[in-house]
Amino acid sequence: MKQSTRRIGQHTISRIQNPTLKKGVFMLSSEVGAYWEKNAPAWIALSRAGYDVYRDALNTPAFLQMLPDVGGLKGIDLGCGEGTNTRQIAIRGARMSAIDIAPSFIEAARAAERQDPQGVEYLIGNAAHLEFPDECFDFAVAFMSFMDMPDQTKALKEAHRVLVRGGFLQFSILHPCFVPPKRRTLRNSEGEVYAIEVADYFHRTNGDVETWSFGAAPEEERGRYAPFEVPRFHRTLSDWVGMIHEAGFQIESLHEPVADEETAKKYPEVADTRVTPLFLLLRVRKVSIT
């Protein structure tokens, strides 16, 4: 195994390159699901304790601000995790279904739904093989899940299939330009981020496992759990544009969230987004054929 490290915010990510995954060979979805099932208990506990700062302070607020009015529409969340973001969409008046490949995430999401019903249907499922009929949803969302899928083209095509004509898919991913396989945060003597060093942009990974945890969590909290092990499927920006168009979508809007000065002071972990973007948000439309 070949190992390298990189930094995002306050935490170090170790990446182990899997030599058995040759170019053009993908890690199986079942293998990816096994990793996320293993990650689920720690992820649920730490994220619900408020330690997923990038999500709560930056990514989700930017995503929701970009989201069109979904009141009265039928939507699906692809890769919903423990359901926090799905519930945010439901609160805005959408009738939501949600899937995730890890059963423990779905179990936790269903438990939250029982405690505070929002009308969300949570199902174990694979975004590359959706068990829904054609043109049954008005929109789809995917919060930070597509870059963790082995076959993003297939998942995009499945999203296109289940959307009505004129429906949209909005999703967020790690920014392909600024979070390639090698990335290092550079800080001055005061600890302030002044630059981001990136490399291996054109190295398309097919299941290299990155090991990390939420840097905002106190050391004693992180110590209660094993670090996350996340298979990575990096693609270039041009790859993403090509996959989107191959699936039949038209790009409608994109956004690169940046923490404002007040947010960066309150949550120092996200200050690196004021130097280069960490996330890319896209909304794509299934164009009606006239």
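Preceding this section is the structure that the text describes.
Each chain has its residues counted from 1, following the order in which its sequence is written. The predicted nature of this model means local features are confined to residues of pLDDT at least 70 and side-chain atom pairs, given and counted, to a pLDDT of 80 or more, with totals for whole chains, interfaces and linings taken over all residues. By convention in this description, side-chain values take in all heavy atoms of the structure and omit both hydrogens and water.

Colleague: I'd like to hear about the environment of I196, residue by residue, with values.
Modeller: Assignment of secondary structure puts I196 in strand β9 (residues 193-199). Between the C-alpha atom of I196 and that of P277, which follows or precedes it by 81 residues, the distance is 9.9 Å. By definition, residues are in contact when any of their heavy atoms lie within 4.5 Å. Residue contacts for I196: discarding those within four places in its chain leaves F178, R183, R184, T185, D272, V275 and T276. Elements are defined by DSSP. Helices are runs of H or I of four residues or more, strands are runs of E of two residues or more, and each kind is numbered from the N terminus.

Colleague: Help me get a handle on the environment of S97, residues and values and all.
Modeller: On the secondary structure map, S97 appears in strand β4 (residues 95-100). Burial here depends on accessible area, computed with a 1.4 Å probe over protein chains only, as a share of the maximum for the residue type. Under 20% is buried, over 50% is exposed, and the range in between is partly exposed. Judged by relative accessible area, which is 7%, S97 ranks as buried. For the pair S97 and R204, spaced 107 residues apart in sequence, the C-alpha separation works out to 31 Å. If we skip the residues at most four places from it in the chain, S97 touches G75, I76, D77, E121 and F137.

Colleague: Run through the environment of I99, naming residues and quoting values.
Modeller: Residue position: I99 is located in strand β4. With 26 residues separating them in the primary sequence, I99 and G125 have C-alpha atoms 5.2 Å apart. In this structure, I99 is in contact with I76, D77, L78, G79, C80, I106, L123, G125, N126, A127, L130 and F132, ignoring residues within four places of it in sequence.

Colleague: Give a description of helix α1 (residues 29-48) that names residues and reports values.
Modeller: Take the seven residues that end at a residue and the seven that start at it, fit an axis to each, and the angle between those axes is the bend at that residue. If you look at α1, its biggest bend is around 45°, right at A40, and the proline P41 turns up within four residues after that. Among the residues of α1, those classed as buried are V32, G33, W36, N39, A40, A42, W43, I44, L46 and S47. Summarising the contacts, the buried residues of α1 are in contact with α2 (53-66), α4 (103-115), β10 (208-212), α6 (219-222) and β11 (228-232). Note on α1: the residue one or two positions beyond its end, G50, has a positive phi of about 95°.

Colleague: An account of the pattern of salt bridges is requested, with residue identities and associated values reported.
Modeller: Between side chains of opposite charge, a pair can form as their charged atoms come close. The salt bridge criterion pairs a side-chain nitrogen of Lys or Arg with a carboxyl oxygen of Asp or Glu, the two atoms within 4 Å. What the rule picks out here adds up to 21 salt bridges. Notably, a salt bridge pairs R55 with E82, separated by 3.2 Å at the nearest N-O pair. With R55 in helix α2 and E82 in the loop between β3 (74-78) and α3 (84-91), this residue pair connects regions lying 27 residues apart in the sequence. Residue classification places R55 among the buried residues on the basis of a relative accessible area of 12%.

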